[in-house]
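Spelled out from the first residue to the last, the chains are:
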Amino acid sequence: MTATVKYDEIEVGQQIPAVDYPVRRVNLVMYAGASGDFNPIHWNERHAKAVGLPDVIAHGMFTMAEAGRFVTDWAGDPGAMVDYGVRFSSMVVVPDNDEGAVITVSGVVEEKLDDNRVVVALTARSGDARVLSRARATVRLA
Amino acid sequence: MALNRDFVGRTYPASSSYEVGRVKIREFAAAIGDDNPIYRDPEVAKAAGHPDVVAPPTFPIVFSLTGAAEALADPELGLDFSMVVHGEQRFEYTRPIYAGDELLCASTISEIRSVGRNELLTVTSEVTTAQGEPVCRTYNTLIERGGAA
């Protein structure tokens, strides 16, 4: 479990630059299969519209996974994650075209804890919407 | 319809263990578009100090609600799945999940409350090894839109 970011070199307030994660319909089909969540609002436009949604939407857990990847890529080791929680505040609408949607994730070091742990506050946006709120990851750094 | 508060505090152990496989971890990593070799190559994982390939942090979602699935579908609870959206999710990790782990998961309906017109139901799941070693705890909050109206 070796994170590559060093605790002593991190300061509260430090920004982690934004990364764009594209999401197309095929990603949602793959995620449905891998996760076992086959709710048709994530792959069937007809069904999504029938229940009042603008279009097919991404699984909340897909967005959480992308924001988690943002943290583990920064920290250098997925095993460094100690605690990770989010609230799903808006939907990621994924149109049926080649562009799909984009989830943009950025972070800021909010707090330094003991035992080389830091709390990263995450922001995830898609279009104009903030799709996660209260998103926090605690990671143990080197 | 308001959810039946009698369900709060009820615990549902999974009927069988979940065996974490390298292929499933690779499939999950591919599905989230993460090409990190630590999810695929045992040698890379071992070089980073892990016993085998590591599962991505959100991987427990694959099995952590299985035990409670029957209770959530119980008509006595009154949950209308067509109105359910995922409200919140949290994972507290004691250690990462590795390929080769044989995991047990006990899920408890820990809270039901009304917020405005919605009903919020939280399932807390304790994930351990078959030997009882703690691995992670998950909190999954479902929102039933209009359920409290």
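Above this note sits the structure.
Keep in mind it's a predicted model, so treat the numbers as computed, not measured. (Residues numbered from 1 in each chain as written. Chains lettered and ligands numbered in written order. Predicted model: local features only at pLDDT ≥ 70, side-chain atom pairs only at ≥ 80, totals over all residues.)

1. Things to note about the overall build of chain A
For step 1, the next point in the chain: From N to C terminus, chain A includes three helices and six strands.
For step 2, the next point in the chain: Along the longest, intermediate and shortest principal axes, the C-alpha atoms of chain A span 50 × 30 × 25 Å.
For step 3, the next point in the chain: Within chain A, counting contacts between residues at least 6 apart in sequence, those at least 24 apart form 67% of the total. (Helix = DSSP H or I, 4+ residues; strand = E, 2+ residues; numbered from the N terminus. Contact = placed C-beta atoms within 7 Å.)

2. Notes on the overall build of chain B
For step 1, the next point in the chain: Within chain B one finds three helices and six strands.
For step 2, the next point in the chain: Each of the 149 residues in chain B was classed as buried or not, and the buried ones make up 38%.
For step 3, the next point in the chain: Sequence separation of 24 or more characterises 72% of the internal contacts of chain B that already satisfy a separation of 6 or more. (Buried ≥ 20, exposed ≤ 12 C-beta atoms within 10 Å, placed from the backbone.)

3. Re the nonpolar core
For step 1, the next point in the chain: Membership of the largest hydrophobic core comes to 70 residues, with the highest contact counts inside it found for Ala67(A), Val71(A), Val92(A), Leu122(A), Val139(A) and Ile25(B).
For step 2, the next point in the chain: Setting aside residues up to four positions removed in sequence, Val71(A) forms contacts with Met81(A), Gly107(A), Val120(A), Ala137(A) and Val139(A).
For step 3, the next point in the chain: Counting residues in each nonpolar core, the second largest holds 10 residues, with Tyr12(B), Ile112(B), Leu121(B) and Val123(B) among its members. (Core = buried A, V, L, I, M, F, W, Y, C linked by C-beta atoms within 7 Å.)

4. Some words on the interface of chain A and chain B
For step 1, the next point in the chain: Across the contact, 31 residues belong to chain A and 27 residues belong to chain B.
For step 2, the next point in the chain: Of all the secondary-structure elements, those providing two or more residues to the side of chain A that touches chain B are α1 (25-35), α3 (60-75) and β2 (81-88) of chain A.
For step 3, the next point in the chain: Looking at the side of chain A that touches chain B residue by residue, the classes come out as 16 nonpolar, 10 polar and five charged. (Nonpolar A, V, L, I, M, F, W, Y, C, P; charged D, E, K, R; others polar.)

5. Details of the environment of Ser110(B)
Residues and elements named next belong to chain B.
For step 1, the next point in the chain: Along the polypeptide, Ser-110 turns up in strand β4 (residues 102-115).
For step 2, the next point in the chain: For the pair Ser-110 and Arg-10, spaced 100 residues apart in the sequence, the C-alpha separation amounts to 7.7 Å.
For step 3, the next point in the chain: With near-sequence residues (within four places) excluded, Ser-110 lies in contact with Thr-122, Val-123 and Thr-124.

6. Topic: unusual backbone geometry
Residues and elements named next belong to chain A.
For step 1, the next point in the chain: At Asp-115, a position not held by glycine, the phi torsion is positive, near 60°.
For step 2, the next point in the chain: Residue position: Asp-115 is located in the loop between β3 (101-112) and β4 (117-126).
For step 3, the next point in the chain: With phi around 45°, Arg-134 is a residue other than glycine that occupies positive phi space.
For step 4, the next point in the chain: Structurally, Arg-134 is set in strand β6 (residues 132-140).

7. Quick look at the environment of Tyr93(B)
For step 1, the next point in the chain: By the secondary structure assignment, Tyr93(B) is in strand β3 (residues 84-93).
For step 2, the next point in the chain: Classification of Tyr93(B) as buried rests on a count of 23 C-beta atoms within 10 Å.
For step 3, the next point in the chain: A sequence separation of 40 residues divides Tyr93(B) from Val53(B), and the C-alpha atoms of the two residues are 16 Å apart.
For step 4, the next point in the chain: Every residue in contact with Tyr93(B), bar those within four places of it in the chain, is listed here: Met81(A), Val82(A), Asp83(A) and Cys136(B).

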